[in-house]
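Here is how the chains run, residue by residue.
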Amino acid sequence: MIGIVLVSHGDLGRELLDTARGICGTDDQVIALGLGPDDAIEDFPARVRDAAARLVDVDGVLVLVDLFGGSPANATLRCLAETDYECVSGVNLPMLLEALTLRDHLGIRELAVRALRAGRRGIRDLGAALRDELTQ
Amino acid sequence: MAIVLVRVDDRLIHGQITTAWIAYSKATRIVIASDEVANDSLQRTIINLTRPPKIVVDVLTVDQTIERAASATWERDRVFIICKHPGDALNLVKAGLGIDEVNIGNVGGTTQHRTGVRKQISKAIAVTEDDVRIFREILEAGVALEARLIPRDRRVDMASLLVKKWGPRPPITGKE
């Protein structure tokens with residue numbers, strides 16, 4: 001199974017994970033890590049690596065990070081250069097659920113691609129979609 | 001060439017925070033003025049990958065920044081300078097670039113790995129004694145210092161904050 005590290009500003013990752021647990025139950029080999037306004041940015045790449053190191057018996061590490069261009073993602077990019085983690089930014093609930101559901105069945109590269117697609121597919125204009133349906 | 005903003009932020013360019021300051025200052029060019037960053041090729045790669053759209057970003061040493069400011073390269077630019085540490089900003093002030101104000105964003109933070117003791121003086125600012133000395137030098141040069149994470153925050157006057165935390169005299173080091 002692929003281990004997952006959720007990296008975010010503040011408690012966003014923790015809250016997403018708690019919510020996902022409530023939906024699909026699975027929670028082992030997933031860690032959430034947050035950067036607070038008073039946390040040193042210098043330490044953060046090491047904290048991401050330490051979190052990944054705590055995952056046990058995993059076939060790879062997928063990092064899901066909140067905001068491209070934000071400090072947590074920039075620090076994660078440092079880790080990516082020095083490890084073989086995969087990483088997808090813009091983590092949302094559909095992305096996380098997809099990753100949690102499929103991580104026993106896929107290799108890390110495919111999991112990253114599927115998670116990314118699920119995240120994107122989850123963003124829809126519901127009003128327009130419903131109006132379309134109703135006028136058919 | 002106008003230097004429209006000088007900011008000390010050890011997180012450098014990060015997301016909406018930087019975008020807000022770009023809009024506020026109407027900057028056309030960002031210059032990261034830091035020897036540390038200029039010599040870190042991985043950091044430069046990351047900065048290039050994540051740079052905001054529609055703005056030029058230079059990563060230069062402090063000396064290169066001073067040279068270019070005096071040259072014609074940035075003639076038509078509104079330049080937003082980001083320093084990683086307060087010392088970089090002091091060196092720019094001393095170089096006579098006509099800087100009359102420095103904005104302070106993120107400085108330091110709680111850490112297991114840092115040498116020296118940091119004191120948290122506001123949500124995003126944790127300073128060493130050296131930082132305090134540097135801030136005082138900037139102020140003594142007649143440059144205003146204000147702390148603000150984003151433009152719409154209330155300006156916090158650093159001179160008053162230093163007095164509030166340490167009184168009007170430099171911090172006692174125990175060596176006196």
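Please refer to the structure placed before this passage.
Reference entry: report on the structure contained in this document. (Residues numbered from 1 in each chain as written. Chains lettered and ligands numbered in written order. Predicted model: local features only at pLDDT ≥ 70, side-chain atom pairs only at ≥ 80, totals over all residues.)

This brings us to the packing of helix H1 (residues 12-24) of chain A against helix H4 (residues 93-102) of chain A. Two measures define how a pair of helices packs: the angle their axes make with one another and the distance between the axes. Residue and element names in this part refer to chain A. Where H1 contacts H4, the axes come no closer than 10 Å and their chain directions differ by 55 degrees. It follows that H1 is oblique to H4 by the angle criterion. For the pair H1 and H4, the sense of crossing is right-handed. In this structure, H1 uses Leu16, Thr19, Ala20, Ile23 and Cys24 to contact H4, whose residues at the interface are Leu93, Leu96, Leu97, Leu100 and Thr101. (Axes fitted to C-alpha atoms, helices over the stretch in contact; angles between N-to-C directions. Helix = DSSP H or I, 4+ residues; strand = E, 2+ residues; numbered from the N terminus. Parallel < 35°, antiparallel > 145°, perpendicular 65-115°, else oblique. Left-handed = near helix turned anticlockwise from the far one by under 90°. Contact = placed C-beta atoms within 7 Å.)

Chain B puts 18 residues into the contact, and the matching count from chain A is 16 residues. Along the lines of polarity and charge, the residues of the side of chain B that touches chain A split into 4 nonpolar, 10 polar and 4 charged. (Nonpolar A, V, L, I, M, F, W, Y, C, P; charged D, E, K, R; others polar.)

We now examine the environment of Pro151 of chain B. Within the secondary structure, Pro151 of chain B sits in the loop between strand E8 (144-147) and strand E9 (156-157). Beyond its immediate stretch of four places on either side in the chain, Pro151 of chain B contacts Ala20, Trp21 and Tyr24 of chain B.

For the rest of this paragraph, the subject is the pairing of E8 of chain B. All names here are of chain B. Here E8 shows one buried face, formed by Leu145 and Ala147, and one open face, formed by Ala144 and Glu146. Bridge count for strand E5 (residues 101-104) against E8 is 4 bridges, and the pairing is parallel. Each residue of the ladder has a partner; that of Ile104, found in E8, is Ala147. When E8 meets E9, the two strands line up antiparallel, connected through 2 bridges. Paired with Ala147 across the bridge in E9 is Val156. (Buried ≥ 20, exposed ≤ 12 C-beta atoms within 10 Å, placed from the backbone. Pairing = 2+ DSSP bridges.)

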